[in-house]
Amino acid sequence: MRKIGVLTSGGDAPGMNAAVMSIARSAALYGMPLVGIKRGYNGLLRKSTSIYDDMEDLHLDTVLDIADRPGTYLRTARCMEFHDPAWREVAANTLRAMEIDGLVVIGGDGSFHGAEYLCQLGIPCIGIPGTIDNDLPYTEMTLGYDTAVNVCVEAVRSIRATSRSHDRPAVVEVMGRHCGDIALTTAVSTGAEIVLVPEVPWKVEDVAARLNRLIAKGNTRATIVVAEGCWESMEPFDMYTYLNTHGKRCYEGEPISAVRFASIMKRMCGNVEARATVIGYTQRGAEPTARDSAFAFEAGNLAVRLLRDGISNQVIGMKEGKVFYMSIDEALRSERSFNRELYNLVNSL
Ligand code: F6P
């Protein structure tokens, strides 16, 4: 194996740049030229007028400077074309034409599926789990998760200070797509009183009853941490009728949100001034924590060593605190589990 490529794909995640930096250092050490591919798999589809829009030789000088920077230097994107075998063939041909003998893909499960397809077309690939969501069950951590949780914890602590000052409950929405890990760890780390996640069904009326109980016991500043995916596990609730009959204009078909949910809690809990905060992209665009950066550094090095040694079709992960690798296929088939005991404990007040 001579030249290798690297791309970042899916949502950006803190630690992606650190992984690229480690890959560049390792490639330099083993005498392997490195090419950065821009905007995920899109950079392989030859849609740009100039190859320089899609690829860049990654020299150490450039890359050494980016490790601690948030975002991803290579840019990132989701690539719908990769669902189509014809486009995957284009991507594989681009790699062959550029004499790129192996590829490191930093991204989540969709990106790993893409890597698996390329392996089937004869392009050796290694995956590094890069997503804040922590939704890849084969690994104990994904790049960016630790940072995202730390951002949320800092935000919730500030929100709780203001909640306490004003005797107001707070609804705080965190990311995670269909995974409640960011929400649960944030709740556990901040002492939040209620957490709602996509993994566990819940009812609006029950949450209001619990909030009312907390208020009756003197806790007027409870925090409800909601995972963005928790609306999918909410039992049907006619928000339109409820809000319109309780003094708040609401439009038919409007989706529920943290802001709407806070309005409902206010009306169900004696007009308490519940406020909503959506933490949003500050979770993705944050500087990586030491834990994420260190994982990125080790994972990047292992990815290059695997390609150098002719091993491919693998993803890198963390097990019992150690970096390891396993086949993409097996990793994608691992079953998710959710820490229900911890969830019950948070919600037991
Ligand atoms: O996968 C990372 C993530 O931030 C999810 O938590 C979220 O559901 C999604 O990406 C949002 O994607 P976008 O930024 O494209 O709206």
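Everything below is about the structure shown above.
Residues numbered from 1 in each chain as written. Predicted model: local features only at pLDDT ≥ 70, side-chain atom pairs only at ≥ 80, totals over all residues. Heavy atoms only, no water.

Strand order in the open sheet made by the four strands is E7-E8-E6-E9, with parallel pairing throughout. Two strands bound the open sheet, and with one partner strand each, they are strand E7 (194–196) and strand E9 (275–278). Looking at each pair of strands side by side, their axes are set apart by 20° on average, direction ignored. Lying over the sheet, helix H5 (residues 145–166) contacts strand E6 (170–174), strand E8 (223–227) and E9, oriented at roughly 170° with respect to E6. The strands that helix H7 (residues 204–216) touches are E7 and E8; relative to E7, the one it contacts most, it runs at about 165°. (Pairing = 2+ DSSP bridges. Helix = DSSP H or I, 4+ residues; strand = E, 2+ residues; numbered from the N terminus. Axes fitted to C-alpha atoms, helices over the stretch in contact; angles between N-to-C directions. Contact = heavy atoms within 4.5 Å.)

A few words now on the pairing of strand E5 (residues 125–129). Counting buried positions over the five residues of E5 gives five, a clear majority of the element. Neither face of E5 is left uncovered, since the one carrying Cys125, Gly127 and Pro129 and the one carrying Ile126 and Ile128 both have all their residues buried. Pairing between strand E4 (residues 102–107) and E5: five bridges, direction parallel. Residue pairing in the sheet places Ile106 in a bridge with Ile128 of E5. As for the winding sense of the linkage, the β-α-β connection from E4 through helix H4 (residues 109–120) to E5 is right-handed. (Buried < 20%, exposed > 50% of the residue type's maximum accessible area, 1.4 Å probe, protein only. Right-handed = clockwise from strand over helix to strand, strands pointing away.)

Here Thr139 is to be found in the loop between E5 and H5. Assessed through its relative accessible area of 7%, Thr139 is described here as buried.

For any pair of aromatic rings, the description consists of the separation of the ring centres together with the inter-plane angle of the planes. Within the structure shown, the criterion is met by eight aromatic pairs. An aromatic cluster of at least three residues, connected via ring pairs, comprises Phe112, Tyr138 and Phe324. The cationic tip of Arg308 hangs over the ring face of Tyr30; the distance from NZ or CZ to the ring centre is 4.4 Å. Directly above the aromatic system of Phe324 lies the positively charged group of Lys319, at a separation of 4.7 Å from the ring centroid. (Phe/Tyr/Trp six-rings, centres within 6.5 Å; stacked < 30°, edge-to-face > 60°. Lys NZ or Arg CZ within 6 Å of the ring centre and 35° of its normal.)

Of note, the phi angle at Arg39 is positive, near 55°, even though the residue is not glycine. Tracing the backbone through its elements, the reader meets Arg39 in the loop between strand E2 (34–37) and strand E3 (55–57). By relative accessible area, Arg39 is classed as partly exposed at 38%. The phi torsion at Arg75 lies on the positive side, around 65°, for a residue other than glycine. Take Arg75: it is sitting in the loop between helix H2 (60–64) and helix H3 (85–97).

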